[in-house]
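# Observations on the model geometry
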Amino acid sequence: MANRAQIPTSNSALIAMIADEDSVVGFLLAGVGNVDLRRKSNYLLVDSKTTVKQIEDAFKDFTTREDIAIVLISQYVANMIRFLVDSYNKPVPAILEIPSKDHPYDPAQDSVLSRVKHLYSAESVASGRR
């Protein structure tokens, strides 16, 4: 238990979003949005003009901020930066891939699901089950 990552409790932890307009606006209307005093927001709205570099920078920023506990990223956006998503291995903030209106969800591409499958397959091999 001593090695568990701690979420800061001085302020409430935030949910960050990297997604299409419909997904981001829906979460903003639900109250997830935040802009701090330095004008840094906890979301990136991805459209046809958004570059992969902007997505990479937002992902790196959100995963290093101490006030963010969860990063929600549309699966099709995660596919654009798959190498970053797959190489991320910290428990906090948690990275969760979500579907979007225009792009169906594919469980075979989900990084969290593939890690769970890998753990269960390694566990079953170690215990002799198949």
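An unreviewed UniProt entry lists the protein chain under the name V-type proton ATPase subunit F, with Hevea brasiliensis as the source organism. What the UniProt record of the protein chain gives under Sequence similarities (unreviewed entry) is the line "Belongs to the V-ATPase F subunit family." Of the protein chain, the UniProt comment under Function (unreviewed entry) reads exactly: "Subunit of the V1 complex of vacuolar(H+)-ATPase (V-ATPase), a multisubunit enzyme composed of a peripheral complex (V1) that hydrolyzes ATP and a membrane integral complex (V0) that translocates protons. V-ATPase is responsible for acidifying and maintaining the pH of intracellular compartments."

When its secondary structure is counted, the protein chain shows five helices and four strands. In the protein chain, the order of α-helices and β-strands from amino to carboxyl end is β-α-β-α-β-α-α-β-α. Counting the 130 residues in the protein chain, one finds 32% classified as buried. Considering only contacts in the protein chain between residues 6 or more positions apart, those separated by 24 or more positions represent 64%. As displayed, the protein chain offers around 8700 Å² of accessible surface, 56% of which is attributable to carbon and sulfur atoms.

Right, let's talk about the nonpolar core for a bit. By size, the foremost hydrophobic cluster in this structure holds 20 residues, and its most contacted members are I18, F59 and I73. Elements with a minimum of two residues in this core: β1 (14-19), α2 (52-64), β3 (68-74), α3 (75-80) and α4 (82-87). In this view, F59 contacts I18, I73, I81, L84, V85, Y88 and I95; residues no more than four positions away in its chain are not counted.

Moving on, we get to the pairing of β3. Among the seven residues in β3, six count as buried, and that is most of the element. Across five bridges, β1 lies against β3 in parallel orientation. Note that in β3 the partner of L14 across the bridge is I68. Two strands pair when backbone bridges link them, and β3 and strand β4 (residues 94-98) are joined in this way by five bridges, in the parallel orientation.

By the definition in use, this model includes one aromatic pair. The interplanar angle of 80° and the centroid separation of 6.1 Å between the aromatic rings of F59 and Y88 together place this pair among those described as edge-to-face. Of this pair, F59 sits in helix α2 while Y88 sits in the loop between α4 and β4; the two residues are 29 residues apart in sequence, bridging distant segments of the chain. Comparing F59 with Y88 shows no difference in burial state: the two are buried.

In this model, the protein chain carries a mean pLDDT of 84, and residues with pLDDT of at least 70 account for 83%. Looking over the protein chain, one finds the lowest element-wise mean pLDDT in helix α5 (residues 111-127), namely 66, and the highest in α2, namely 96.

Another aspect to go through is the sheet that holds β1. The strand order across the open sheet formed by four strands is β2-β1-β3-β4, and the pairing between neighbours is parallel. Each edge of the open sheet carries a strand with a single partner, namely β2 (43-45) and β4. Direction aside, neighbouring strands of the sheet carry axes that sit 20° apart on average. Running over the sheet, α2 touches β1, β2, β3 and β4 and is turned about 170° from β1.

Parameters and conventions
Residues numbered from 1 in each chain as written. Predicted model: local features only at pLDDT ≥ 70, side-chain atom pairs only at ≥ 80, totals over all residues. Heavy atoms only, no water. UniProt positions renumbered as here; feature names shortened; annotations may be inferred. Helix = DSSP H or I, 4+ residues; strand = E, 2+ residues; numbered from the N terminus. Buried < 20%, exposed > 50% of the residue type's maximum accessible area, 1.4 Å probe, protein only. Contact = heavy atoms within 4.5 Å. Areas by Shrake-Rupley, 256 points an atom, 1.4 Å probe, with all protein chains shown as cover. Core = buried A, V, L, I, M, F, W, Y, C linked by side-chain atoms within 4.5 Å. Pairing = 2+ DSSP bridges. Phe/Tyr/Trp six-rings, centres within 6.5 Å; stacked < 30°, edge-to-face > 60°. pLDDT = per-residue confidence, 0-100. Axes fitted to C-alpha atoms, helices over the stretch in contact; angles between N-to-C directions.

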